[in-house]
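# Per-entry structural report
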Amino acid sequence: MADQAFVTLATNDKYAKGAMVLGKSLRNHKTSKKLVVLIGRHVSEPSRAVLQTLYDEVRLVDVLDSGDTAHLVMMQRPDLGVTFTKLHCWTLTHYSKCVFMDADTMVVANIDELFDREEFSAAPDPGWPDCFNSGVFVFRPSNETYGKLLEYCTEHGSFDGGDQGVLNGYFSDWATADIRKHLPFIYNMSSIAIYTYLPAFKQYGANAKVVHFLGKTKPWSYTYDTNQRRVWGNVQEASTHPGYLLEWWSLYSSCVLPLKHQEHGEEPFE
Ligand code: UDP
Ligand code: MN
């Protein structure tokens, strides 16, 4: 449906790489939905050009320049910069329903069925399962909700300093109100599960539809050897998401890098 979209966010070139891989993975799995990426002003022109080829809509969100309520709220809570940018997804009111996905996620199967769910649906956070993880969620754009979220931010801030704290505070009945709003973990599987509950990962891991590279080290923090098809970096960390990390890099090098070449001639910027 034309009025439904997957939405992601990248405020800089590093996260833009993630958004490129995510966009490509959604296309490869033949989504019928629109793809939207919200970008910050620090995303470079070359990255924007590549994002344009993968996404239906590349929308610049500049909370600092906006001069609206978001700007005023931001002045009171300068610590929540990226969070405000993420909340902006509620202003995409030309869509009736959206699925937000962090730029550090990658789909490994078609997930269009998520649009059968209602706001606010999300999967449990592996660290505190009574909270949802805000890396993948179903929502309905609405200026009214957006306003209320900003209001909530000003009054209560974020208990974890990020969007997950704000959203869990605002949608605080998620844990108990309606089990249909609990997305199965396979829609937001973080590799943390591999070392916190290995038997479950062995049993269910193959069903994963979305992989989330949650945490400090992101796929783009490693280096990749195209010839040997190997990932270099902190081996111990890399071994906690072995196959998926390779899959991310293989998508990046086979599908995203050629786009960069195409957009910028023989000298890709990275
Ligand atoms: N993000 C961004 N720029 C930043 C930090 C975060 O664009 O400097 C966006 C990006 O979409 C990212 C999401 O906010 O995936 C949440 O941050 P992150 O994935 O780093 O948090 P984690 O999932 O590791 O808790
Ligand atoms: Mn994330």
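Residues numbered from 1 in each chain as written. Chains lettered and ligands numbered in written order. Predicted model: local features only at pLDDT ≥ 70, side-chain atom pairs only at ≥ 80, totals over all residues. Heavy atoms only, no water.

A separate point is the side chain of T8. Mapped onto the secondary structure, T8 falls in strand β1 (residues 4–10). Residue T8 is classed as buried on the basis of its relative accessible area of 1%. Looking at T8, its side chain comes within polar contact range of the main-chain oxygen of M101, at 2.6 Å. Discounting chain neighbours no more than four positions away, the residues touching T8 are A19, L22, V36, V37, L38, Y55, F100, M101, D102 and A103. (Helix = DSSP H or I, 4+ residues; strand = E, 2+ residues; numbered from the N terminus. Buried < 20%, exposed > 50% of the residue type's maximum accessible area, 1.4 Å probe, protein only. Polar contact = N/O pair within 3.5 Å; in protein donor to acceptor, adjacent residues only side chain to side chain. Contact = heavy atoms within 4.5 Å.)

Attention now goes to the side chain of T31. As for its placement among the helices and strands, T31 is situated in the loop between α1 (13–28) and β2 (34–39). Judged by its relative accessible area of 13%, T31 falls in the buried class. At 2.7 Å, the side chain of T31 and the side chain of D112 are in polar contact. When residues no more than four places from it in sequence are discounted, the contact partners of T31 are F6, L26, N110 and D112.

This paragraph deals with the site of ligand 1. Taken together, 13 residues sit near ligand 1, with L9, T11, Y15, G215 and K218 positioned nearest. For ligand 1, a nitrogen atom lies 2.6 Å from a polar atom in the side chain of T11. At 2.8 Å from an oxygen atom of ligand 1 is found a main-chain nitrogen or oxygen belonging to G215. In isolation ligand 1 has 510 Å² of accessible area, and contact with the protein removes 77% of it. (Near = heavy atom within 4 Å. Areas by Shrake-Rupley, 256 points an atom, 1.4 Å probe, with all protein chains shown as cover.)

Donor atoms from the polypeptide that coordinate the manganese ion (ligand 2) comprise D102 (OD), D104 (OD), D104 (OD) and H212 (NE2), at 2.2 to 2.3 Å from the metal. With six donor atoms in place around the manganese ion (ligand 2) and angles of 57 to 171° between them, the coordination shape is irregular. A relative accessible area of 4% places D104 in the buried class. On the basis of relative accessibility, which here comes to 2%, the residue H212 falls in the buried class. (Donors = N, O, S within 2.8 Å, 3.2 Å for Na, K, Ca; no water. Tetrahedral: all angles 85-135°; square planar, octahedral: opposite > 155°, others 65-115°.)

Glancing now at helix α5 (residues 143–156). Here α5 is 14 residues long and its end C-alpha atoms lie 20 Å apart, about the 20 Å a rise of 1.5 Å per residue gives. Buried within α5 are the following residues: T145, Y146, L149, L150 and C153. Seen from one end, α5 has its buried residues packed into an arc of 140°, which puts them on one side. Exposed residues pointing more than 90 degrees away from the buried face of α5 are listed as E144 and E155. Sitting at the head of α5, S142 places a side-chain oxygen 3.2 Å from the backbone nitrogen of E144. (Expected span 1.5 Å × (residues − 1). Arc of directions from axis to C-beta.)

What follows concerns the sheet that holds strand β9 (residues 210–212). The strands making up a sheet are joined through hydrogen bonds of the backbone, oriented either antiparallel or parallel. Reading across the sheet, the three strands line up as β5-β9-β8 and stay open at both edges, with mixed pairing between neighbours. The sheet is open, and its two borders are formed by β5 (105–107) and β8 (189–190), each paired with just one other strand. Inspection of the sheet shows β8 paired to β9 by two bridges, in the parallel sense. Bridge pairing in β9 links M189 to V211. (Pairing = 2+ DSSP bridges.)

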